[in-house]
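Descriptive analysis of the structure
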Amino acid sequence: MPKYDSWKEMPIAGVIDKPATAREYNTGTWRIMRPIVDKDACINCMQCWLYCPDMAINGKVKEDGKTEMLGFDYNYCKGCGTCAEVCPVNAITMKPETEFLK
Amino acid sequence: MPTKLAITGAAAVAHAMRQINPDVVAAYPITPQTPIVEYFAQFVADGVVDTVMVPVESEHSAMSAVVGSAAAGARTMTATAANGLALMFEIVYIAASMRLPIVMPIVNRALSGPINIHGDHSDAYAVRDSGWIQLFSENSQEAYDMTIIATKLAEREEVLTPAMVNLDGFITSHGVEGVEILDDEVVREFVGQWEPKYPLLDIDNPITHGPLDLFDYYFEHHRQQQEGLKNAYKALPEVFAEYEKISGRKYDFLDLYRMEDAEYVMVVMNSAASTAKYVVDELREKGIKAGLVKPWVFTPFPKKEILEALDGRKAVMVLDRAMSFGKEAPLYSLVKSALYEAKERPMMGTYVYGLGGRDVTPTMLHVPFEDAIKGELDPNEERYLGLKE
Ligand code: SF4
Ligand code: SF4
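Residues numbered from 1 in each chain as written. Chains lettered and ligands numbered in written order. Predicted model: local features only at pLDDT ≥ 70, side-chain atom pairs only at ≥ 80, totals over all residues. Heavy atoms only, no water.

Concerning helix α4 (residues 82-97) of chain B
Residues and elements named next belong to chain B. For clarity, the cut-off: Only DSSP runs of H or I covering at least 4 residues are called helices, and only runs of E covering at least 2 are called strands; the numbering of each starts at the N terminus. Here a helix's expected span is defined as the number of its residues, less one, multiplied by 1.5 Å. At any given residue, the bend is defined as the angle formed between two axes, one fitted to the seven residues that end at that position and one fitted to the seven that begin there. Each residue gets one of three labels from its accessible area relative to the maximum for its type: buried under 20%, exposed over 50%, partly exposed in between, using a 1.4 Å probe on protein chains only. The contact criterion used throughout is that any non-hydrogen atoms of two residues lie within 4.5 Å.
Under the 1.5 Å per step criterion, the end-to-end length of α4 is 21 Å for 16 residues, consistent within 8% with the ideal 22 Å. Of all the bends in α4, the greatest measures close to 65 degrees and is centred on F89. A82, G84, L85, M88, I91, V92, A95 and A96 are the residues of α4 that are buried. Contact partners of the buried residues in α4: α3 (59-72), β5 (103-108), α5 (122-126), β7 (163-168) and α8 (218-247). Two residues or fewer after α4 comes R99, characterised by a positive phi angle close to 60 degrees.

Regarding the interface of chain A and chain B
Many descriptions give the size of an interface as the accessible area lost when the pieces come together. Selection criterion: Within this document, salt bridges are pairs made up of a side-chain nitrogen of Lys or Arg and a carboxyl oxygen of Asp or Glu, the two lying within 4 Å of each other. Within 3.5 Å is the distance limit for a polar contact, defined as a pair of N or O atoms, with the added protein rule that one can donate a hydrogen and the other accept it, and that residues adjacent in sequence qualify only through two side-chain atoms. Put simply, Ala, Val, Leu, Ile, Met, Phe, Trp, Tyr, Cys and Pro go in the nonpolar bin, Asp, Glu, Lys and Arg in the charged bin, and everything else, Gly too, in the polar bin.
Chain A puts 15 residues into the contact, and the matching count from chain B is 19 residues. For the pair chain A and chain B, the number of links is 0 salt bridges. Along the contact surface separating chain A from chain B lie 6 residue pairs in polar contact (both at pLDDT 80 or more). Its residues placed into classes, the side of chain A that touches chain B shows 12 nonpolar, 1 polar and 2 charged.

Describing the nonpolar core
Residues and elements named next belong to chain B. Put simply, the test is: The criterion is simple. A nonpolar core is a set of buried Ala, Val, Leu, Ile, Met, Phe, Trp, Tyr and Cys residues joined through side-chain atoms within 4.5 Å.
By size, the foremost hydrophobic cluster in this structure holds 80 residues, and its most contacted members are Y144, I148, L310, L331 and V335. Leaving out residues up to four positions away in the same chain, V335 has contacts with V267, F301, I306, L310, V316, V318 and M348. Residues A273, Y351, V360 and M364 belong to the second largest nonpolar core, which totals 23 residues.

Description of a nonpolar patch on the surface
Under the convention used in this document: What makes a patch is a set of residues exposed beyond 30% relative accessible area and free of salt bridges, joined within 9 Å when like-charged and within 5 Å when nonpolar (Val, Leu, Ile, Met, Phe, Trp, Tyr). The accessible surface values rely on the Shrake-Rupley method and a 1.4 Å probe; as for residues, cover is taken only from the protein chains in view.
A contiguous nonpolar patch, built from W30 of chain A together with L212, L214 and F215 of chain B and spanning about 500 Å² of accessible area, is present on the exposed surface. A relative accessible area of 69% places F215 of chain B in the exposed class.

Details of the confidence of the model for chain B
Quick note on the threshold: Predictor confidence is given residue by residue as pLDDT, running from a minimum of 0 to a maximum of 100.
For chain B, the mean per-residue pLDDT works out to 97, and 100% of the residues sit at or above 70. Predicted complex metrics record ipTM = 0.84 and pTM = 0.88.

A look at the domain arrangement of chain B
Residue and element names in this part refer to chain B. Using the following cut-off: Where each domain begins and ends follows an automated or database-derived domain assignment. Here the buried area means the combined drop in accessible surface, using a 1.4 Å probe, for two parts upon being joined, counting both sides.
Its domain assignment divides chain B into domain 1 (3-247) and domain 2 (254-384). Put simply, the middle of domain 1 and the middle of domain 2, counted by C-alpha atoms, are 28 Å apart. With 29 residues of domain 1 at the contact, the number on the domain 2 side is 29 residues. A combined buried area of about 2,200 Å² lies between domain 1 and domain 2, and 55% of that area is made up of carbon and sulfur atoms.

Focus on a positive patch on the surface
Defined as follows: When charges are counted, neither His nor the chain ends are considered; positive counts come from Lys and Arg and negative counts from Asp and Glu. By convention, the point assigned to a charge is CZ for Arg, NZ for Lys, CD for Glu and CG for Asp.
Among the surface-exposed residues, K39, K60, K62 and K66 of chain A lie close enough to one another that they form a single positively charged patch. Position of K62 of chain A among the secondary structure elements: in the loop between β2 (57-61) and β3 (67-72).

Below is the structure:
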C-alpha cells in the first residue's frame, strides 16, 4: 500500500486502489539487526546473495565474468542474519539497529 | 396505492427484499429465519426478481458468499438468526471492515445453550461491536420498513457500513398482522441504483480487496469504521424523513410513547414494547405518569437522544432480553452510561425478561413500574421478570 499519514486520506476498508504497490512496502522496517559487509574481507563468492530469503543483496557480473557483491538493499533486508551465517570468510557482521539510530 | 396484506413478519421482510430486488442473496435457512429465505426463494423461482440466489451449506459460507458478492459490486443481502449468526461471526466483522453495505435481517433468537430456538436478543447483542448498523423493529410493519431504510442508509457514500434489521423470532417473524406494502416502483425509486465504490469487477480499475493490514494501517481503518457509524448517525434523520415522504410512517432514533410528562419510564426494544405500551396505557388510566422509550436504532447508539428523553424523569427501568454474564445487561449499561451527564439523574432499575422465548405478559411488565413507584429501584441489582424464583 502507498504511504498515508492520516486515516482521513487512505482508501476505506484497506482497499488498495493502485496495482503493484507491494513494491512500496518496505519490509526492512522489521529489522532489529543490520548486516554490514567488510568488502576487504569479502571474496565475492555470492553465497550470501544465493541464500538471502528476501533478495536483499545486490550483486553484478563484471565484464571479466566474475561476480561482485555490492551490498544490501536495506528497504527489504529483514535482518535475519542468514548471509552472515553462510559467508565462508565471515565478512558480514550483524549490528544492532540501535547503533544506527539518529 | 399501498396494499394492505395480512402476512407474517417473515413475509413482510421477504416482500421488502423482493421490492429492493438485490443482485445476489446467499442464505442458509435457520429457525426462525427460515420463512424469509423460503418466501424469497419462491420469488426467485417465480422470476419476479432478478436476484441470483446462492443456496449455501452453512451460514459461514452464506456470509462469505455475500462478502464476495458485495465486494464484486453487487447489491447483496442475506438473513439469519442466533446460532447461524454465531457461525457467521468471523465474517460478520470482515463484512463491516470491508465496508460492504450488505443488509441482513436478523430474526432474533436465543443463542444456545441449552438448546433453544425461541426469541431473545442474545444474538443481536453478541455482534453489537462488529461494526454493523443495528435497527430494531417492534412488529412486521416496522421490520418491512426498516429493511428498506437499512438499504438506503447502508449504501450512502459516507456510511458504507452493513446493516442488520432485527425482528423478534416467532413473535414477529411467524405472527400474522396487517402490513402495508408500498408500491414496487416507489420502493425501487427510493433505494435507487446501487453504485459500488470499489467494485472488483471493474477491470479497468484494478484494485485489491481485503489485504493484510498490520500495525501500519489497521488502527486507521478502524477509525474510518467509527466515522462510517458517526455518519450513519448523522444520516439517519434524513433517511427517516425521506422514508416518511413515501410511506407516511415516521421513524426516529427512539420511539417515544406518552413521554411528554412521563415520570416513570420503561426502556425496551422490539415486540415487548407493544405489551409495554399497553401497560403504560393502563397506568395512565390510573393517573400514573408512565411512559416508554423504544430504541429503533441500537447501533449507532443514540446516546444524546436517550439523555434528552430521560434526563429529569423520576425513574428509568431498562429491560433486556438477554444477559451479559458477570456484567450489567447490554441495553441497561448503555442507557446508564448515557445518563452520566444528566442534570437530574433518575432512579434506575435493570430487568431481564423473556429469555429463550419466555412469554412477556402485561402483569409481568407492571412489576418494574410498581418497583419504581414504591421507590424500590436498585441500580445495582439485576432483577428477573417471570423467572421461577
Ligand atoms: S540479514 Fe537476511 S534478509 Fe538481510 S541481507 Fe542478510 S540474509 Fe538477506
Ligand atoms: S558470502 Fe561473504 S564472501 Fe561471499 S559474497 Fe557474501 S559477503 Fe562476500
